[in-house]
Amino acid sequence: VVGSLTLEDQPENEGAVKQWPANWATFLAEGGGLNCHRMQNQGTEAGVDTLESVPLDRPAIVSHAAFAPEDYAASMVIADCSQSVAGHEVNVSCGNTKRQPFAYDLEATKKTLQAIGRAITAGRITKPVWWKIAPFITIEERNELAGRYPRFNFDLVPTVPEGYLEAYLRVLFCYPFIQAVVIGNTLSGCRAFDEHGQTVTSPFEG
């Protein structure tokens, strides 16, 4: 799966620390880690051009991220034309932006599904579509995580009401072009602090 592409290129997070910890041994010792890479990419068209220049020995699924429902469909239409692209992953759960992911908003999800559905009906998207959701947790589950991993601060991690996942899947089931559900993305808003009270990563603030 190719890292998420957006219609327009997205700059990298200019912060000094984009991932913590830096090595796998510390990750295991801490019980987890953080990243704030943002959605750095060169845009869908350039990203697909790059993909076509790389020899592949397996099917490539292009992940798409966007800031508006119609932009998901537009990005997918561009990638769908490439023989190097075997399918699409719709990433509505990226936690590396300043807004709440679409996965936490049923209306935004429906509008995105409808936009993609129109493009499919028009024959502009023909390849399989996967849907990447967020790790939906309730406030009780968030509190349990906070107790289990005191090194991390979960205060800004979004929560959902009991039964939200079932309601979300019922929406997806109304759109049979969704052939797989990817579970799931990283927790949004999770933080850890150093001895000076500063976050150990450099969150994107733009």
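Just above, that's the structure.
Every value quoted in this text rests on a predicted model; they were computed, and no experiment measured them.

### A word on empty space enclosed by the protein
Throughout the structure, instances matching the rule amount to one cavity of 30 Å³ or more. Taken together, 12 residues form the lining of the largest cavity, with Ala 66, Tyr 72, Asn 91, Cys 94 and Arg 99 sitting closest to its centre.

### Some thoughts on the sheet that holds strand E1 (residues 2–5)
Ordered in space as E1-E4-E5-E6-E8, the five strands form an open sheet in which the pairing is parallel. With one partner strand each, in any of the chains shown, E1 and strand E8 (178–183) form the two edges of the open sheet. Between one strand and the next, the sheet's axes are offset by a mean angle of 30°, whatever the strand orientation. Bridge count between E1 and strand E4 (residues 60–64): two bridges; the pairing is parallel. Bridged to Val 2 within E4 is Val 62. Relative to E1, helix H2 (residues 44–52) is tilted by about 160°, and along the sheet it contacts E1, E4 and strand E5 (85–91).

### Examining the pairing of E4
One face of the sheet, then the other: side chains in a regular strand alternate in exactly this way. Taken across its five residues, E4 has five buried, putting it largely inside the fold. Alternating positions in E4 separate into two faces, Ala 60, Val 62 and His 64 on one and Ile 61 and Ser 63 on the other, with burial throughout. Of the pairings in the sheet, the one linking E4 to E5 comprises five bridges and is parallel in character. Each residue of the ladder has a partner; that of Val 62, found in E5, is His 88. Between the parallel pair E4 and E5, the chain is carried across by helix H3 (residues 69–80), and the sense of this crossover is right-handed.

### Focus: the pattern of salt bridges
If you walk through the whole model with that rule in mind, you get five salt bridges. The shortest N-O distance in the salt bridge between Arg 58 and Asp 57 comes to 3.3 Å. On the accessibility criterion, Arg 58 (61% relative accessible area) is exposed. Overall, Asp 57 belongs to the exposed group, its relative accessible area being 69%. The shortest N-O distance in the salt bridge between Glu 107 and Lys 110 comes to 3.5 Å. On the criterion of helical spacing, the pair formed by Glu 107 and Lys 110 is a turn pair, its members being three residues apart in helix H4 (residues 106–121). Judged by its relative accessible area of 29%, Lys 110 is partly exposed.

### Overview of a negative patch on the surface
On the surface, Glu 140, Glu 141, Glu 162 and Glu 166 cluster together to form a negatively charged patch. By secondary structure assignment, the location of Glu 162 is in the loop between strand E7 (152–153) and helix H6 (164–173). Judged by its relative accessible area of 73%, Glu 162 is exposed.

### With respect to a nonpolar patch on the surface
A cluster of nonpolar side chains, namely Trp 24, Phe 27 and Leu 28, defines an oily patch on the protein surface of about 340 Å² accessible area. The topology assignment puts Leu 28 in helix H1 (residues 24–30).

### A few points about the nonpolar core
A general tendency of soluble globular proteins is for nonpolar side chains to be buried together. With 29 residues, the main nonpolar core has Val 90, Val 92, Leu 113, Ile 116, Trp 131, Phe 136 and Tyr 168 as its most contacted residues. Every element with two or more residues in this core is listed here: H3, H4, strand E6 (129–133) and H6. Here this core takes five residues from H4, the largest share from any one element. If we ignore the near neighbours within four places in the chain, the residues touching Phe 136 are Ala 103, Tyr 104, Glu 141, Val 160, Tyr 164, Leu 165 and Tyr 168.

### A few points about H2
Taken together, the buried positions of H2 are Thr 44, Gly 47, Val 48 and Leu 51. Viewed along the axis of H2, the buried residues span an arc of 95°, placing them on a single side of the element. Residues of H2 that are buried make contact with E1, E4, H3 and E5.

Cut-offs used in this document
Residues numbered from 1 in each chain as written. Predicted model: local features only at pLDDT ≥ 70, side-chain atom pairs only at ≥ 80, totals over all residues. Heavy atoms only, no water. 1 Å grid on protein atoms, 1.4 Å probe; cavity = no way out; pocket = protein on both sides within 12 Å on 5 of 7 lines; lining within 4 Å. Points joined across faces, edges and corners; volume = space filled by probe spheres on them. Pairing = 2+ DSSP bridges. Helix = DSSP H or I, 4+ residues; strand = E, 2+ residues; numbered from the N terminus. Axes fitted to C-alpha atoms, helices over the stretch in contact; angles between N-to-C directions. Contact = heavy atoms within 4.5 Å. Buried < 20%, exposed > 50% of the residue type's maximum accessible area, 1.4 Å probe, protein only. Right-handed = clockwise from strand over helix to strand, strands pointing away. Salt bridge = Lys/Arg side-chain N within 4 Å of Asp/Glu carboxyl O. Patch = residues over 30% accessible without salt bridge, like charges linked within 9 Å, V, L, I, M, F, W, Y side chains within 5 Å. Areas by Shrake-Rupley, 256 points an atom, 1.4 Å probe, with all protein chains shown as cover. Lys, Arg positive; Asp, Glu negative; His and termini not counted. Charge placed at Lys NZ, Arg CZ, Asp CG, Glu CD. Core = buried A, V, L, I, M, F, W, Y, C linked by side-chain atoms within 4.5 Å. Arc of directions from axis to C-beta.

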